[in-house]
Amino acid sequence: MPCRLSIACRLMGTLRHASRLVLLTRQRGLMSRSEIRELDALIVGGGPAGLTCAIYLARYRRNVVVLDSGQSRAALIPETRNYPGFADGIAGTRLLEALIAQANTYGVEIIRDRITELQSIEGGFQGRCSEGVIKAKRAVMASGLVDRDLGNSDLQEAVGDGLVRYCPICDGFEASDLRIGVLGNANDVGPKALFLRTYSKHVALLTLDGKGCDEPLTRELSEAGIRLLSARAVDFRRQGKQMTVCLSDGTAEVFDVIYPVLGCEVRSELGRKLGARHNNIGCLEVDAHQRTNVPGLYAIGDAVSDLHQIAVATGHAAVAATHIHNSLPRNFR
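Residues numbered from 1 in each chain as written. Predicted model: local features only at pLDDT ≥ 70, side-chain atom pairs only at ≥ 80, totals over all residues. Heavy atoms only, no water.

1. Quick notes on the side chain of Ser 268
Just so we agree on the cut-off: Think of it this way: any DSSP run of H or I at least four residues long counts as a helix, any run of E at least two long counts as a strand, and we number them from the N terminus. Polar contacts, as counted here, are pairs of nitrogen or oxygen atoms within 3.5 Å of one another; within protein the pair requires one atom able to donate a hydrogen and one able to accept it, and residues that are adjacent in sequence qualify only if both atoms are side-chain atoms. Any two residues whose heavy atoms approach within 4.5 Å are treated as being in contact.
Position of Ser 268 relative to the elements: it lies in the loop between strand E15 (264-266) and helix H9 (269-273). A polar atom in the side chain of Ser 268 sits 2.8 Å from the side chain of Arg 272. When residues no more than four places from it in sequence are discounted, the contact partners of Ser 268 are Met 141, Ser 143, Gly 282 and Leu 284.

Here is the structure:
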């Protein structure tokens, strides 16, 4: 399995808030192992998508539980200024804290546990975790994805200080005029390097295999003034507020920020096992209401979209929650 991002090692700043997040998720009593819960909706994943969906459903006076393994990709964000309403920026952990606190005010139970099984049953779904069995009329996959990395400790720790970034759409503006290295296989890296050229003249391709791009892409990169280094990247060292990349020819390059392009693992296996259609990387296919082809199964956020943005994820959540509410028997006061 490719190296996973780990909240513990990828974002040192997250540790300061981890106990707070656990406390918030355990303010309501957990079910006993023998108890079977029956819900309107079970949400798998407690990132911005899952929590927003839970808030909406709770405000529709629906009985909902969130099962969260505590590995939200949003927790790795040291600060984002790309999420509307936070001009001065907000840390991913702070955003999650706010969403959890809001969900708690409406009585949403958030269980910090990993769901090990999700099955279709008559009338809905049955999920299993170490806390017990949960039955729900609807299920929502908000399980997100994991970016792959190289297992280099300097690269991992630099995420917390913004020296290594994974989303140029989210924070390319903050990299304006910086020295940017884009890391991966050349043909995969090239398009992202061209996008980052929007923000800086100083963009270079760092390859892991020393191979170049296809001729048309090489020409486009050259015309854009993007450097394609012929030697491959072999080591990465953090030095103060910069990253030094050691190359196979014995030279080194210094960058203000590095964007890895190493692919990801979409956490959609539970949905795929139920027969949900998906693309070649595992993102689940949905309709305009966020429904998969499996009756009663919805998918939102990074488990669905190729535009992996918090604003997109919360929009998915609002659409799915509203359709779930309207699809269930009326719950008059």
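Resuming the write-up.
2. Observations concerning the pattern of salt bridges
Let me state the cut-off plainly: When a carboxyl oxygen of Asp or Glu lies within 4 Å of a side-chain nitrogen of Lys or Arg, that pair is called a salt bridge. The buried label applies to any residue whose accessible area, calculated with a 1.4 Å probe on protein chains only, is under 20% of its type's maximum; exposed applies above 50%, and partly exposed to all values in between.
This structure, assessed with the given rule, holds 15 salt bridges. A salt bridge links Arg 237 to Asp 235; the nearest nitrogen and oxygen atoms lie 3.5 Å apart. Among the residues examined, Arg 237 registers a relative accessible area of 44% and is labelled partly exposed. Glu 269 serves as the salt-bridge partner of Arg 272, at 3.9 Å between the closest nitrogen and oxygen. Linking Arg 272 with Glu 269, this pair stays in helix H9, spanning three residues, or about one helical turn. A relative accessible area of 33% places Arg 272 in the partly exposed class.

3. Examining the sheet that holds strand E13 (residues 252-255)
Applicable threshold: Note on pairing: two strands pair once DSSP finds at least 2 bridges between them. The angle between two axes is taken between their N-to-C directions and runs from 0 to 180 degrees, where each axis is a line fitted to C-alpha atoms and a helix contributes only its stretch in contact.
One open sheet holds the three strands; their spatial order is E11-E12-E13, and the pairing between them is antiparallel. Of all the strands in the sheet, just strand E11 (233-239) and E13 have a single pairing partner and so form its edges. Within the sheet, the average angular offset between the axes of one strand and its neighbour, ignoring direction, is 25 degrees. Examined bridge by bridge, strand E12 (residues 242-247) and E13 share four bridges and lie antiparallel to one another. Bridge pairing links Cys 246 to Ala 252 in E13.

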